Amino acid sequence: MPGDGHESEHGSVPVRGPEPGAGAGSGRGAPSSGGAESGRGRSSRTGGRGRRRPSWARALRPSGLNRAPGAVPAARQAGPYLTPAQAFDALYAYCAPALVRQAYLLTGRRDLAHESVERAFQRAWDHWPEVARDPDPAGWVRAAAHDWALSPWHRLRRRYRHPEPPPPDDHDRALLDALLSLPPPYRRTLVLYDGVGLDLPDTAAETEASTRAAAGRLLYAREVLAERLPEPAGPGELHDRLAELASSGRTRAAEPAAVRVGGERRARLWTRTAAAVTVVLIGSTAMTLHTAPTHYVPPVPPGETVRGVPPRAAPGPLSDDQRELRDRLREALLDGPERLTPEAR
């Protein structure tokens, strides 16, 4: 479910992250379980003694790779650094299940939710040095996944023109219909605040809006849901219902190695395409330079009608003298002195 990767004993997934101080940090300073930040609080990235914590990519023990997908990575005080692939796999196992649930709340489509998360992590792998140094790599990937999920270009794709089967439960179906009726910015604000558990300034920053605009979107979204739902729900109950809706159905994410390989394959494809286009442009430019004229060629002026000149008469029948001359010319030799020296008459 959005914001947390821990499964509850009843099968639903809580949305909010751990309380401040749990795991490897809370708030915006470190990723909480499933890619969401904790509650409403916001903590610093400094340790208990005032020392700045290392980058998230260096703060995981190698043993953390064997944890469950929802487990919070433990901070590492000593030991070898993780390789980029190990750090990426840890971040993926840590955030991907919850991000799939969040993307489902934003789109109402399981396939698009999985695609959004995979594309976000492929983009993160392409920019891994930047993501590894980010104070909140989980927030970086979450923003990329939400942007891809809410892209308006999906409506032009054939596979997404028809809606998916709705949830079997009537309450979940009503909640999903109410969510999808909201404009994308309002829907994203509601999911981030009431689902993921971000505070209002962080929600406004992630949706690229002012705090006042984010608060207005949140109030409007809650009013729409209260009008359309058969049983109005408060913020706390709405949080639980979002968790139940996002946890229903297939939410299993792909393997991190497959995502990395897919991202690398896509990057190679784009690189080869760009190289091919560059070669074609260079070839066409060279051909143009080779065949283009090197000096100015004035255009041929259009013809003009000459007046006062009698039209050329068509040849008539030959006279006897003309026929005799024609026969003599045909019978004469083609070369010889008589053809070079005119005869005097």
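Since the structure is predicted, the reported quantities are computational estimates derived from the model, not experimental observations.

1. Observations regarding the overall build of the chain
The secondary structure content of the chain amounts to twelve helices and zero strands. Helices and strands appear in the chain in the N-to-C order α-α-α-α-α-α-α-α-α-α-α-α. Burial analysis of the chain (345 residues in total) assigns 39% to the buried set. Accessible surface, the chain as shown: approximately 21000 Å² in total, 56% of it carbon and sulfur.

2. Looking at a negative patch on the surface
Together, D169, E231, E237, D240 and E244 line one region of the surface with negative charge. Checked against the element boundaries, D169 lands in the loop between α4 (137–149) and α5 (170–180).

3. Considering α4
Spanning 13 residues, α4 covers 18 Å between terminal C-alpha atoms, matching the ideal 18 Å at 1.5 Å per step. The buried fraction of α4 is high, at ten of 13 residues. Every buried residue belonging to α4 is among P137, A138, G139, W140, V141, R142, A144, A145, H146 and A149, and all of these are buried. Elements in contact with the buried residues of α4: α1 (84–107), α2 (110–126), α3 (128–133), α6 (184–196) and α7 (200–206).

4. Notes on the packing of aromatic side chains
Under the defined criterion, the tally for this structure stands at seven aromatic pairs. Both rings, one in F88 and one in F121, keep their centres 5.9 Å apart while their planes meet at 85°; by these two values the pair is edge-to-face. Taken together, the positions of F88 in helix α1 and F121 in helix α2 put the pair 33 residues apart, joining distant regions of the chain. The pair formed by F88 and F121 is uniform in burial state, with each residue classed as buried. Between the aromatic rings of Y186 and Y220, the centroid separation amounts to 5.2 Å while the plane-to-plane angle is 65°, which identifies the pairing as edge-to-face. With Y186 in helix α6 and Y220 in helix α8 (residues 211–228), this pair connects stretches of sequence that are 34 residues apart.

5. Concerning the packing of α2 against α4
Contact geometry for α2 and α4: axes closest at 8 Å, N-to-C directions at 135°. In terms of orientation, α2 and α4 fall into the oblique class. Handedness of the α2/α4 crossing: right-handed. For the pair formed by α2 and α4, the contact residues are L112, E115, S116, V117, R119, A120, F121, R123 and A124 on the first element and W140, V141, A144, A145, W148 and A149 on the second. When grouped by side-chain class, the residues that make up the contact of α2 with α4 number eleven nonpolar, one polar and three charged.

6. Topic: the pattern of salt bridges
Applying the stated criterion across every chain yields a total of seven salt bridges. Put simply, R173 and D170 hold a salt bridge, and the shortest N to O gap is 2.3 Å. Here the residue R173 and the residue D170 both occupy positions in helix α5, the gap between them amounting to three residues, near one helical turn. Residue D170 is classed as exposed on the basis of its relative accessible area, which comes to 52%.

7. Description of the confidence of the model for the chain
Do not read the fine detail of predicted coordinates wherever pLDDT is low. Considering every residue of the chain, the mean pLDDT works out to 74; 72% of them sit at 70 or more. Below pLDDT 50 for its whole length, residues 1–72 participates in 199 contacts with residues either more than four positions away or in separate chains. The low-confidence segment residues 74–79 (pLDDT under 50) makes 14 contacts with residues lying over four places distant or belonging to another chain.

Rules and cut-offs
- Every residue gets a number counted from 1 within its own chain, in the order that chain's sequence is written.
- Only residues with pLDDT of 70 or above have their local features reported here, since the model is predicted, and side-chain atom pairs are shown and tallied only from 80 upward, although totals for entire chains, interfaces and linings are computed over all residues.
- Side-chain measures here rest on the full set of heavy atoms in the structure, leaving out hydrogens and waters.
- Numbered from the N terminus, helices here are DSSP runs of H or I no shorter than four residues, and strands are runs of E no shorter than two.
- Partly exposed describes any residue whose relative accessible area lies between the buried limit of under 20% and the exposed limit of over 50%, with all areas from a 1.4 Å probe on protein chains only and scaled to the type maximum.
- With residues, only the protein chains shown are counted as cover, and all accessible areas are computed by Shrake-Rupley using a 1.4 Å probe.
- Like charges within 9 Å and nonpolar side chains (Val, Leu, Ile, Met, Phe, Trp, Tyr) within 5 Å are joined into patches, using only residues over 30% in relative accessible area that form no salt bridge.
- Note on definitions: salt bridges are taken to be side-chain nitrogens of Lys or Arg within 4 Å of carboxyl oxygens of Asp or Glu.
- Only four residue types enter the charge count, namely Lys and Arg as positive and Asp and Glu as negative; His and the chain termini do not.
- A charged residue contributes its charge at one atom only: NZ of Lys, CZ of Arg, CG of Asp or CD of Glu.
- A helix is expected to span 1.5 Å multiplied by its residue count minus one.
- Residue contacts follow a heavy-atom distance rule, with two residues in contact if any of their heavy atoms lie within 4.5 Å.
- Note on aromatic contacts: the rings of Phe and Tyr and the six-membered ring of Trp form a pair at centre separations within 6.5 Å, being stacked when their planes are under 30 degrees apart, edge-to-face when over 60 apart, and tilted otherwise.
- All axes are obtained by fitting lines to C-alpha atoms, using only the stretch in contact for helices, and the reported angles, taken between N-to-C directions, cover 0 to 180 degrees.
- Relative orientations are named as follows: roughly parallel for angles under 35 degrees, roughly antiparallel for angles over 145 degrees, roughly perpendicular for angles from 65 to 115 degrees, and oblique for any other angle.
- The crossing is said to be left-handed when, going from far helix to near helix, the turn is anticlockwise and less than a right angle, and right-handed when the turn is clockwise.
- Each residue gets one of three labels, nonpolar for Ala, Val, Leu, Ile, Met, Phe, Trp, Tyr, Cys and Pro, charged for Asp, Glu, Lys and Arg, and polar for the others, Gly among them.
- Per residue, pLDDT measures the predictor's confidence, with a range of 0 to 100.

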